[in-house]
Amino acid sequence: MGLGAVELSVAVPAGFALNLSPSVTAITAASGAVLGLLIILTLGERIRSKLLKRVNNEDKQNKLINRIWDRYGVAGFGLLAPLLIGAPIGTALGIAMGVPGNRLFFWMSIGIIICAIALTIVVEFGWMGIEFLANS
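To start, this report covers the structure provided alongside it. (Residues numbered from 1 in each chain as written. Predicted model: local features only at pLDDT ≥ 70, side-chain atom pairs only at ≥ 80, totals over all residues. Heavy atoms only, no water.)

Glancing now at the overall build of the protein chain. In terms of helices and strands, the protein chain carries seven helices and zero strands. For the protein chain, the residues scored as buried account for 35% of the 136 residues in total. If you take every contact in the protein chain between residues at least 6 apart in sequence, the share linking residues at least 24 apart comes to 71%. As presented, the protein chain carries roughly 8000 Å² of accessible surface, and 67% of it is formed by carbon and sulfur atoms. (Helix = DSSP H or I, 4+ residues; strand = E, 2+ residues; numbered from the N terminus. Buried < 20%, exposed > 50% of the residue type's maximum accessible area, 1.4 Å probe, protein only. Contact = heavy atoms within 4.5 Å. Areas by Shrake-Rupley, 256 points an atom, 1.4 Å probe, with all protein chains shown as cover.)

Turning next to a nonpolar patch on the surface. Together, Tyr72, Leu79, Leu80, Leu83, Leu84, Phe106, Ile110 and Ile114 make up an exposed nonpolar region whose accessible area comes to about 730 Å². Secondary structure elements with two or more residues in the nonpolar patch: helix H5 (59-84) and helix H7 (101-135). Here Tyr72 shows up in helix H5. Of the residues examined, Tyr72 reaches a relative accessible area of 48% and is grouped as partly exposed. (Patch = residues over 30% accessible without salt bridge, like charges linked within 9 Å, V, L, I, M, F, W, Y side chains within 5 Å. Salt bridge = Lys/Arg side-chain N within 4 Å of Asp/Glu carboxyl O.)

Here the focus is helix H3 (residues 22-42). When the terminal C-alpha atoms of H3 are compared, their 30 Å separation across 21 residues agrees well with the 30 Å that a helix rising 1.5 Å per residue should span. Listed as buried for H3 are Thr25, Ala26, Ala29, Ala30, Gly32, Ala33, Val34, Gly36, Leu37 and Ile40. (Expected span 1.5 Å × (residues − 1).)

Turning our attention to the environment of Ser9. As for its position among the elements, Ser9 is in helix H2 (residues 8-17). Residue classification places Ser9 among the partly exposed positions, given a relative accessible area of 39%. At 3.1 Å, the side chain of Ser9 and the side chain of Glu7 are in polar contact. (Polar contact = N/O pair within 3.5 Å; in protein donor to acceptor, adjacent residues only side chain to side chain.)

What follows concerns the packing of H3 against H7. Remark: H3 packs on H7, axes separated minimally by 9 Å, with the N-to-C direction vectors making an angle of 155°. If you check the angle between H3 and H7, you find them roughly antiparallel. H7 is crossed by H3, and the crossing has right-handed handedness. Contacts between H3 and H7 involve Pro22, Ala26, Ala30, Ala33, Val34, Leu37, Leu38 and Leu41 from the former and Gly101, Leu104, Phe105, Met108, Ser109, Ile112, Ala116, Thr120 and Glu124 from the latter. The residue makeup of the contact of H3 with H7, split by class, is 13 nonpolar, three polar and one charged. (Axes fitted to C-alpha atoms, helices over the stretch in contact; angles between N-to-C directions. Parallel < 35°, antiparallel > 145°, perpendicular 65-115°, else oblique. Left-handed = near helix turned anticlockwise from the far one by under 90°. Nonpolar A, V, L, I, M, F, W, Y, C, P; charged D, E, K, R; others polar.)

On to the packing of H3 against helix H6 (residues 87-96), then. Contact pair H3 / H6: the axes reach a minimum separation of 9 Å and the direction vectors enclose 30°. In terms of their interaxial angle, H3 and H6 are classed as roughly parallel. In this structure, H3 crosses over H6, and the sense of that crossing is right-handed. Only Pro88, Thr91, Ala92 and Ile95 of H6 make contact with H3, whose side of the interface consists of Leu37, Ile40 and Leu41. When the residues that make up the contact of H3 with H6 are grouped by side-chain class, the tally is six nonpolar, one polar and no charged.

Let's shift gears to H2. Leu8, Ala11, Val12, Gly15 and Phe16 are the residues of H2 that are buried. The arc that holds every buried residue of H2, seen down its axis, measures 135°, which confines them to one face. In this structure, the buried side of H2 is in contact with helix H1 (2-6), H3 and H7. At the exit of H2 stands Asn19, carrying a positive phi of roughly 60°. (Arc of directions from axis to C-beta.)

Here is the structure:
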């Protein structure tokens, strides 16, 4: 759960490494990521001022986020950010862009859940493939 709060794409493989079932892995990783989302939303204003300085220095990533924002709005940003840049940074960027906390929480949570399920499926099939090749 702690790894999920920091980075979802690390938490799912770690759950498999600990021999947790896929459903427990996905639920625990997603729960940790949503907890991290809540913590960042709570500390939002402090993070916002520091992040604005950082975002202004990262031109390439800023352009990608702006394209996603212009094309898909809050919903697209919330669904894609956990996968592309991670939930904590995505949440902080959403706060920096001035997205209302309740809308950001809703869409980021949906994105986290979808990302956790997708990563769990990918890791499970990858693990099954490795086991198949090892046993052949």
